[in-house]
Amino acid sequence: MTLDDLDAVDRRLINRLQDGLPLVARPYAAVAGELGIAEGDLLYRLERLREGGVLSRFGPMYHAERLGGGLTLAALAVPEADYERVTDTVNAFPEVAHNYRREHALNMWFVLATETPEAIAETIAGIEAATGLPVYNMPKEEEFHVRLHLPV
Amino acid sequence: MSVSTCPSRPDPDGDVPERDARGLDAADRAIVLATQAGLPLVPDPWGAVGREVGMSGEAVLERMRAMQERGVIRRVAAVPNHYRLGYVANGMTVWDVDDAQIDRLGREVAAIEGVSHCYRRPRHLPHWPYNLFAMLHGCSREEVERQAAVLRERLGEACRDHRILYSSRILKKTGLRLARRVPQE
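- In the nomenclature of an unreviewed UniProt entry, chain B corresponds to siroheme decarboxylase from the organism Halomonas gemina.
- The record in UniProt for chain B states the following under Pathway (unreviewed entry): "Porphyrin-containing compound metabolism."
- UniProt annotates chain B under Sequence similarities (unreviewed entry) with the comment "Belongs to the Ahb/Nir family."

- Named according to an unreviewed UniProt entry, chain A is siroheme decarboxylase originating from Halomonas gemina.
- Entered under Pathway (unreviewed entry) in the UniProt record, the comment concerning chain A runs "Porphyrin-containing compound metabolism."
- Note on chain A: under the UniProt heading Subunit (unreviewed entry), the record states "Probably forms a complex composed of NirD, NirL, NirG and NirH. All proteins are required for the total conversion of siroheme to didecarboxysiroheme."

Set out below in structure tokens:
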């Protein structure tokens, strides 16, 4: 499913739901009312968008630190010849929430989310031991903004 | 923060449920576990979650509102797949900004249209001099570069150097997950 498969209502729905579902008794009916469509139509479209991969997920976005856990961004400089092996090694850690290949000498960037703040250091030590590479740990020191909104 | 008793476990003695270090009690934690992969797409999602965790839909809704108020939940929202929406150029822009000015400039950069995430992070000298990170998303690298030029201008003399690190492959994207362990209470 791609951008070409979306009609005008899908686009309005995606834009609207990036802003958040109201926490009310019948939340989908409330948003459907705003958009002038039926609740059933909204649910059908939302399911299609999620199944089709246009939406990665739909649900509560939890704040890791306020859940009491640890969160950090970390990077590795992985030799190209070893890239696949190191990807498998790093991804096998359940604490790795996201992992992206990026174009730089530091060519692997991943987010670690752990149950406790202390577990970040243990996980980093585990990744260093498993990959044989130094991990560049870059925890946020200040959050200026977090608000992903991609209009379609 | 108000502490409410879990409606599924009425507590005649008036004791409040114990909370763990993260400020979530067992009922909150059950809701997090039941919803972290997604909210049910049914007319009454709170009732559906409630049936899974042994609470009424009203209690689930009330707890989710309270968690949103405390900032534990940022919002309940759709997370788009950048690439599928045509945002094929996703650049992590990184900037080496004067420490004395970064808090003011970080807030200014964060307010610029198109910046989705903006953080101050530690340098790793000499290899990594960048201390300000701002994510930009565009339909082409040219578009991301135009946005980056706006940031560059805003940072002015306070910025010594910058880079744009494009993502060339998603290696993993499962999101934040709590382990399904029994809360220790």
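**As for the interface of chain B and chain A**
Right, on to step 1. Taken together, the contact between chain B and chain A spans 66 residues of the former and 62 residues of the latter.
Right, on to step 2. Among the secondary structure elements, those contributing two or more residues to the side of chain B that touches chain A are helix 1 (26-35), helix 3 (57-69), strand 1 (73-80), helix 4 (102-110), strand 3 (115-120) and strand 5 (159-173) of chain B.
Right, on to step 3. Here the side of chain B that touches chain A takes 10 residues from strand 5 of chain B, the largest share from any one element.
Right, on to step 4. Classifying every residue of the side of chain B that touches chain A gives 32 nonpolar, 18 polar and 16 charged.
Right, on to step 5. In this sheet, strand 1 of chain B lies alongside strand 1 (residues 55-62) of chain A in antiparallel orientation, the contact comprising seven bridges. Along strand 1 of chain B, the bridge assignment pairs Pro60(A) with Val76(B).

**Some thoughts on the UniProt feature "domain: Siroheme decarboxylase NirL-like HTH" (unreviewed entry) in chain B**
Right, on to step 1. When the UniProt feature table is mapped onto this chain numbering, "domain: Siroheme decarboxylase NirL-like HTH" (unreviewed entry) sits at residues 28-74 of chain B.
Right, on to step 2. As a span, residues 28-74 of chain B carries 64% helix and 4% strand, and end to end its C-alpha atoms are 15 Å apart.

**Points about the pairing of strand 3 (residues 96-102) of chain A**
Right, on to step 1. When strand 3 of chain A meets strand 4 (residues 108-114) of chain A, the two strands line up antiparallel, connected through five bridges. Bridging from a neighbouring strand, His98(A) pairs with Val111(A) of strand 4 of chain A.
Right, on to step 2. Pairing between strand 3 of chain A and strand 5 of chain B: five bridges, direction antiparallel. The residue of strand 5 of chain B that forms the bridge with Asn99(A) is Lys172(B).

**Side note on the sheet that holds strand 5 (residues 136-137) of chain A**
Right, on to step 1. Taking strand neighbours across the sheet as the criterion, the nine strands line up as 5(A)-2(A)-4(A)-3(A)-5(B)-2(B)-4(B)-3(B)-6(A) in an open arrangement whose pairing is antiparallel. Here the strands that pair on one side only, and so sit at the sheet edges, are strand 5 and strand 6 (142-146) of chain A.
Right, on to step 2. One ladder, built from seven bridges, connects strand 2 (residues 89-97) of chain B with strand 5 of chain B; its direction is antiparallel. Paired with Met92(B) across the two strands is Leu165(B), which belongs to strand 5 of chain B.
Right, on to step 3. The strands touched by helix 5 (residues 141-155) of chain B are strand 2, strand 4 (132-138) and strand 5 of chain B; relative to strand 2 of chain B, the strand with the most contacts, the crossing angle is about 20°.

Here is what the cut-offs are and how they apply
- Residues numbered from 1 in each chain as written.
- Chains lettered and ligands numbered in written order.
- Predicted model: local features only at pLDDT ≥ 70, side-chain atom pairs only at ≥ 80, totals over all residues.
- UniProt positions renumbered as here; feature names shortened; annotations may be inferred.
- Contact = placed C-beta atoms within 7 Å.
- Helix = DSSP H or I, 4+ residues; strand = E, 2+ residues; numbered from the N terminus.
- Nonpolar A, V, L, I, M, F, W, Y, C, P; charged D, E, K, R; others polar.
- Pairing = 2+ DSSP bridges.
- Axes fitted to C-alpha atoms, helices over the stretch in contact; angles between N-to-C directions.

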